[in-house]
Amino acid sequence: MKKFFIVVFIGVFCLGCSNKKENKGTKQAIETTFTNPILKGFYPDPSICKVDNSYYLINSTFAYFPGIPVFKSDDLVNWKQIGNALDRPEQLDLEGLEVSQGVFAPAISYHNGIFYIINTIVGGENNFIISASNPAGPWSNPTWLPKVEGIDPSMFFDKNGKTYVVFNSNPPNNSPEYDGHRTIKIIELDVESLNTIGESKIIINKGAKPEDKPIWIEGPHIYNRNGFYYLMAAEGGTAEDHSEVVFRSKNILGPYKSYENNPILTQRNLSDNRKNPVTSTGHADIIEDNLGNWWGVFLGCRPYDNGNHFNTGRETFMVPVKWKNDWPIFDLEGDIVKDRYKISLDKLPNKTISRNADFKDEFNANYLAFDWLFLRTPKEKWYSLLDGELMINTRSETASGSSNPSFIGYRQKHLFGEVTTNLSFKAVAENEKAGLIAFQNEKHYYYLCKSLKDNKPVVQLLKSTENGTEEIAFKSI
């Protein structure tokens, strides 16, 4: 399935906690709140793991470089980016890919002192694994998995020492019964060599309710609890009908029983006129905290104008997960995904990371901050940092093309905001332009730039078209 995202690379950032209570006893839980989305802006397809007392979360980045941001938290409330898993050109070649191709649905796991990320490059060589002893990096170069032929793989380390990969794949005999007919397959993996063992097996065909012809079962994860193997997956496509479903079995190879009350997470049946809607919820992962409470992270969208228009992309949300009759349920505390939930911690949370202030970068370091992204992989060094200035070379590649333009973007993280910059640029030809771009994809953007028109300096506002750009306003300067 070709997934899509909508995101404009301009904006600000907020997240926080409140209502702290003093920890007066070693066993007393500290109650606070967290704010959704926990990662605002273009942070889709979250995957999470816990190691000791820390949590690590990663996201898709599609055709942007560096790929796969790695976040760390000690309390599930405050998240700090500590690196990018794919930050070297030899790890990630995005040349020629559409914005909605590239890095799809990475999954992070930990085993015997090593972190693993398994991932799909849509439009590339498909599925691979990278590893690291430190989640901040460096991460290894990819090891490709030719027998994992679908998308959205994740790894599971069983207690008996075996390792498995589960993934979205083709229907039986590669013969779909309807559009969107997919399966979940499983294959054993030698974790030392990272080679698959034997052939893959279908463990879920069609989805949670096969009689209803469900579409696009994908994003699978396996968990083990109370003697059951749980297979949780997304279903329904990545738009408003997106959902999360769950199955369980006593044997990791199945057969798996579908939960009778599936889906366990969706917003598709709610009124479009509800206040502050969150839509398209799904592609989830779950984790147990230090107090034995469970939490689910998932993607969602915040539309505006009572429709499906949104500029912030698919974002990462979190809600409590409750276990009922040995089934995991996303506990929204009602029908809708709320902007705040209570959380109990076993220690005082770290100082809240202020995300309500405007983002500002004076470019005083000798490297770009994690907040910045390139469109596809840079093959040459066309920018530099010196004395508090970011210097960018003009080049022939354009934002409407499929290569790496002179573009450095920041995720828009609020529905409304503003951006300013100091720009020093003098064009010597009409095809030379520099300025700010509000970029969604190759065919949807606005470009506010300095240039020349009739050999006179102007400020232009350009709008994307099917064949490039058109001028919609200009002012002589």
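Residues numbered from 1 in each chain as written. Predicted model: local features only at pLDDT ≥ 70, side-chain atom pairs only at ≥ 80, totals over all residues. Heavy atoms only, no water.

### Let's talk about the pairing of strand E9 (residues 126-132)
E9 sits mainly inside the fold: 5 of its 7 residues count as buried. Linkage of strand E8 (residues 114-122) to E9, two consecutive antiparallel strands, is achieved through a turn of 3 residues, within which Gly123 is found at a positive phi near 90 degrees. Two elements, E9 and strand E10 (residues 143-144), share 2 bridges in a ladder whose sense is antiparallel. Bridge pairing links Ile129 to Thr143 in E10. (Buried < 20%, exposed > 50% of the residue type's maximum accessible area, 1.4 Å probe, protein only. Helix = DSSP H or I, 4+ residues; strand = E, 2+ residues; numbered from the N terminus. Pairing = 2+ DSSP bridges.)

### Details of the environment of Asp289
Mapped onto the elements, Asp289 comes out in the loop between strand E20 (279-288) and strand E21 (294-301). In this structure the C-alpha to C-alpha distance between Asp289 and Leu345, which are 56 residues apart in sequence, comes to 8.6 Å. In this structure, Asp289 is in contact with Lys50, Tyr55, Leu76, Trp295 and Ser344, ignoring residues within four places of it in sequence. (Contact = heavy atoms within 4.5 Å.)

### Regarding the pattern of salt bridges
Under the definition given, this model contains 15 salt bridges. With a closest N to O distance of 3.9 Å, Lys342 and Glu31 form a salt bridge. Of this pair, Lys342 sits in strand E24 (residues 340-345) while Glu31 is found in strand E1 (residues 30-35), placing the two residues 311 residues apart along the sequence. Since its relative accessible area comes to 56%, Lys342 is described here as exposed. Judged by its relative accessible area of 30%, Glu31 falls in the partly exposed class. We note a salt bridge from Glu380 to Arg395, for which the minimum N-O separation is 4.0 Å. A residue pair is termed long-range when its members are at least 10 positions apart, and Glu380 in the loop between strand E25 (372-375) and strand E26 (383-386) and Arg395 in the loop between strand E27 (389-392) and strand E28 (408-410) qualify at 15 residues. (Salt bridge = Lys/Arg side-chain N within 4 Å of Asp/Glu carboxyl O.)

### Focus: the nonpolar core
Formed by 40 residues in total, the largest nonpolar core has its most connected members in Trp79 and Phe330. Those elements that place two or more of their residues in this core are strand E3 (54-58), strand E16 (228-235), E20, E21, strand E22 (315-324), strand E23 (327-330) and E24. Examining the composition of this core, we find that 5 residues originate from one element, E22, more than from any other. Discounting chain neighbours no more than four positions away, the residues touching Phe330 are Met232, Glu244, Ile264, Leu265, Ala284, Ile286, Gly296, Phe298, Val319, Pro320 and Val321. (Core = buried A, V, L, I, M, F, W, Y, C linked by side-chain atoms within 4.5 Å.)

### So, the packing of aromatic side chains
Throughout the structure, instances matching the rule amount to 28 aromatic pairs. Chaining the aromatic ring pairs together yields one cluster made of Phe228, Tyr230, Tyr259, Trp294, Trp323 and Trp327. Here Arg225 stacks its cationic end above the ring of Trp323, 4.1 Å away from the centre of that ring. When the ring centre of Phe228 is taken as reference, the NZ or CZ atom of Arg248 above it lies at 4.2 Å. (Phe/Tyr/Trp six-rings, centres within 6.5 Å; stacked < 30°, edge-to-face > 60°. Lys NZ or Arg CZ within 6 Å of the ring centre and 35° of its normal.)

### Focus on the side chain of Asp152
The residue Asp152 is located in strand E11 (residues 151-157) in this model. At 3.1 Å, the side chain of Asp152 forms a polar contact with the backbone nitrogen of Gly219. (Polar contact = N/O pair within 3.5 Å; in protein donor to acceptor, adjacent residues only side chain to side chain.)

### A look at unusual backbone geometry
A cis amide bond, omega -10 degrees, links Asn36 with the succeeding residue Pro37. Mapping Pro37 onto the fold places it in the loop between E1 and strand E2 (47-51). Going from Phe65 to Pro66, the amide bond is cis rather than trans, its omega being 0 degrees. Position of Pro66 relative to the elements: it lies in the loop between strand E4 (64-65) and strand E5 (67-73). Of note, the phi angle at Asp454 is positive, near 55 degrees, even though the residue is not glycine. Tracing the chain through its elements places Asp454 in the loop between strand E30 (444-453) and strand E31 (456-465).

### Thoughts on the sheet that holds E22
A sheet is described by the order of its strands in space; here 4 strands give the open sequence E20-E21-E22-E23, paired in antiparallel fashion. The open sheet terminates on both sides in strands that have one partner only, identified here as E20 and E23. Averaged over all adjacent pairs, the angle separating strand axes in this sheet is 35 degrees, with direction ignored. Across 7 bridges, the pairing between E21 and E22 is antiparallel. Residue pairing in the sheet places Leu299 in a bridge with Thr316 of E22. (Axes fitted to C-alpha atoms, helices over the stretch in contact; angles between N-to-C directions.)

### Topic: the confidence of the model for the protein
For the protein, the mean per-residue pLDDT works out to 91, and 92% of the residues sit at or above 70. Segment residues 1-26: pLDDT under 50, and 118 contacts once partners within four positions in sequence are set aside and those in other chains are kept. (pLDDT = per-residue confidence, 0-100.)

### Re the pairing of strand E6 (residues 80-86)
In terms of burial, E6 is a largely internal element, 5 of the 7 residues being buried. Of the strand pairs in this sheet, E5 and E6 are connected by 5 bridges, and their pairing is antiparallel. Bridge assignment links Phe71 to a residue of E6, and that residue is Gln81. Here E5 folds back onto E6, and the loop between the two strands holds 6 residues, one of which, Leu76, carries a positive phi near 65 degrees.

### Description of the environment of Asn441
Take Asn441: it is sitting in strand E29 (residues 434-441). In this structure the C-alpha to C-alpha distance between Asn441 and Gly401, which are 40 residues apart in sequence, comes to 10.0 Å. Within the local environment of Asn441, its side chain forms a polar contact with the backbone nitrogen of Lys443, the two atoms lying 3.0 Å apart. Polar contacts involving the side chain of Asn441 include one to the side chain of His444, which spans 2.8 Å.

### Remarks on the sheet that holds E8
One open sheet holds the 4 strands; their spatial order is E7-E8-E9-E10, and the pairing between them is antiparallel. Looking at strand neighbours, the two that pair on one side only are strand E7 (102-111) and E10, the edges of this open sheet. Of the pairings in the sheet, the one linking E8 to E9 comprises 7 bridges and is antiparallel in character. The partner of Ile117 across the bridge, within E9, is Ile130.

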